[in-house]
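# Topology and contacts: notes
The primary structure of each chain is shown beneath.
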Amino acid sequence: MNEDLGKTEAALVAARRQNLAALRSRGNDPFAQTRFAVDTNIAELGEKYAFLVPEQHAESEIWSLAGRVMAKRRMGKTIFADLRDRTGRMQLYVRKDEIGDDRFQDWIDLDIGDLAGVRGFMFRSKMGELTLHVKEFAVLSKSLYPLPDKWHGLTDVEKRYRQRYVDLIVNPDVLDSFAMRSRLVSETRRFIDSYGFFEVETPTLLHVAGGAAARPFTTHVNALDQTMQMRIATELNLKRLIVGGMERVYEIGRIFRNEGIDTTHNPEFTMLELYAAYWDVNDMRDFNEALIAHLVSVVTGGRDSLTIGDREISFKRPFKTLEYLDGIAQHGGYTREQLLDPAGAAKILKELGLPESPTHGHALDKIFERVLEPHLIQPTFVTGYPVIISPLAKRRPADPDITDRYELFCNNMEVSNAFTELNDPDDQRARFEAQIRERAQGDEEIPEPDWDFVRALEYGMPPTAGIGIGVDRLIMLLTNNESIRDVILFPLQRQHG
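To start, this report covers the structure provided alongside it.

Rules behind the numbers
- Residues numbered from 1 in each chain as written.
- Predicted model: local features only at pLDDT ≥ 70, side-chain atom pairs only at ≥ 80, totals over all residues.
- Heavy atoms only, no water.
- Helix = DSSP H or I, 4+ residues; strand = E, 2+ residues; numbered from the N terminus.
- Buried < 20%, exposed > 50% of the residue type's maximum accessible area, 1.4 Å probe, protein only.
- Lys, Arg positive; Asp, Glu negative; His and termini not counted.
- Salt bridge = Lys/Arg side-chain N within 4 Å of Asp/Glu carboxyl O.
- Polar contact = N/O pair within 3.5 Å; in protein donor to acceptor, adjacent residues only side chain to side chain.
- Contact = heavy atoms within 4.5 Å.
- Pairing = 2+ DSSP bridges.
- Core = buried A, V, L, I, M, F, W, Y, C linked by side-chain atoms within 4.5 Å.

Next up on the list: the side chain of glutamate 273. Following the sequence through the fold, glutamate 273 ends up in strand β11 (residues 268-277). Despite its burial, glutamate 273 pairs with no opposite charge; the closest candidate is arginine 257, at 5.7 Å N-O. A distance of 2.9 Å separates a polar atom in the side chain of glutamate 273 from the backbone nitrogen of threonine 234. Beyond its immediate chain neighbours, meaning those up to four positions away, glutamate 273 contacts Ala233, Thr234, Glu235, Leu238, Val249, Tyr250, Glu251, Ile467 and Gly468.

As structure tokens, this is what we get:
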């Protein structure tokens, strides 16, 4: 910290502590308050009294509000202040001759950031602003640290994530994004529940973390004296429940992958996984499209398009569909034969100037990211993924090299991944064995095989479709945020200092 800045900050803190002492000297200790009876919020008052015209009062109705003082302007024997709660901002008006000398001095000793409860009536000021005329108030908590003047700029971005509590105080749009996230997750649950699904919880600690291609975090369980892995997906346990007869299950839960951090990746994130017996990938695509369209409607108030960055994205149904191999051929000129041949894929990597990959599947992923993904702006279902990169998906009956799988992309980002689930235990065993060989070649993201899952399939799993939706990425799109860390309240940060 700059030395001068440190002195300034220390002086500001000292001044706030002096104001706290002054409040206490008059018998008003902010930290002694235990509750305040709030009977409305700022948004409700704004809606209820929108009809008021300048200088019109509604003195017959008294309301109680509480929030944080974000601005204060003294004009002789009156004070104007701004109060903010979770729903918005309201101007306050205080008169010395109405509340008395000591209480008016309490207002003078209030600092920006302090929490206050107020009671009064509504009026519209001469300047046309809805205002609460304060008749009574209480100081509910003291902000001993000064709020920053500038916080939302790039220079403070790491500090914003590290001190999210300050970010929420000074940036209303950040609070709005997280309020919308909460609403969208609730809407997602309501939408899924309407289809007759059971919401379940599956373990975070596993002996074998499978169901995705990712490196797991490991931890030690003292009670068992065993090393365990944190889940990289909920897929295999949810499909065990399908085997057990629950038929329609989903989980919205935290997933942990020991991978890099960038604008679309955080090692700890939220995933929705959902499985429906007797559905196939086409049923799941219809469901996926309906869910996304519904959430867009919630955000926009009924429209079917969003502005994301400088792009207008249309979510009007049906979404575009594009075959995986056809898309790469269209934008890169590479043939099916080249892509499905390990040597051919390795040659393409070299032509693209990409590093050599340890496995064929890894090479295909990198080719897709370079050649096709940059063109996937409008919502697009990319269908027909090769078996080599789809170890848990069912093969197409007429094309054993391709699976009944899609991924939904939007704004150059994967949003969901779905397929008709592989339920043949012999085929699943063979694919796990192939993965063991690929893992031995150096691909650390390939998980160890979960042989108990094969045993579960041997009891019989009905035809099933499954989907995984990255909740954080979807919220990014719907709230027009450019980084996943802007929609995760406490993203992983390097330890400070």
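This part is about the sheet that holds strand β9 (residues 226-230). Backbone hydrogen bonds hold the strands of a sheet together, and the pairing may be parallel or antiparallel. On the basis of which strands lie adjacent, the open sheet formed by three strands has the order β7-β9-β8 and antiparallel pairing. Because the sheet does not close on itself, it has two edges, and the strands there are β7 (205-206) and β8 (218-221). Pairing geometry for β8 and β9, over four bridges, is antiparallel. Bridged to threonine 218 within β9 is glutamine 229.

Turning to the pairing of strand β17 (residues 399-403), a few remarks are in order. When strand β16 (residues 395-396) meets β17, the two strands line up antiparallel, connected through two bridges. Bridge pairing in β17 places arginine 395 opposite threonine 403. If you look at the hairpin formed by β16 and β17, you'll find two residues sitting between the two strands.

Attention now moves to helix α16 (residues 471-479). An α-helical turn contains 3.6 residues, so any two residues separated by three or four positions project in the same direction. Of all the nine residues making up α16, nine are buried; the element is thus mostly covered by neighbouring parts of the structure. If you check which residues of α16 are buried, you get Val471, Asp472, Arg473, Leu474, Ile475, Met476, Leu477, Leu478 and Thr479. Of the residues trailing α16, asparagine 480 is marked for its positive phi of about 55°.

A word on the nonpolar core. Residues Leu272, Leu274, Met284, Phe287 and Phe315 are the most contacted members of the largest nonpolar core, which totals 45 residues. The element contributing the most residues to this core is helix α9 (residues 281-300), with nine residues. Residues contacting leucine 274, with those up to four places away along its chain left out, are Ile192, Phe197, Val249, Tyr250, Met284, Phe287, Ala465, Gly466 and Ile467. Within the second largest apolar cluster, 27 residues are counted, among which are Leu45, Ala81, Val94 and Ala116.

Considering the arrangement of structural elements, one finds glutamate 289 in helix α9. On the basis of relative accessibility, which here comes to 7%, the residue glutamate 289 falls in the buried class. If we ignore the near neighbours within four places in the chain, the residues touching glutamate 289 are Arg317, Pro318, Phe319 and Phe381.

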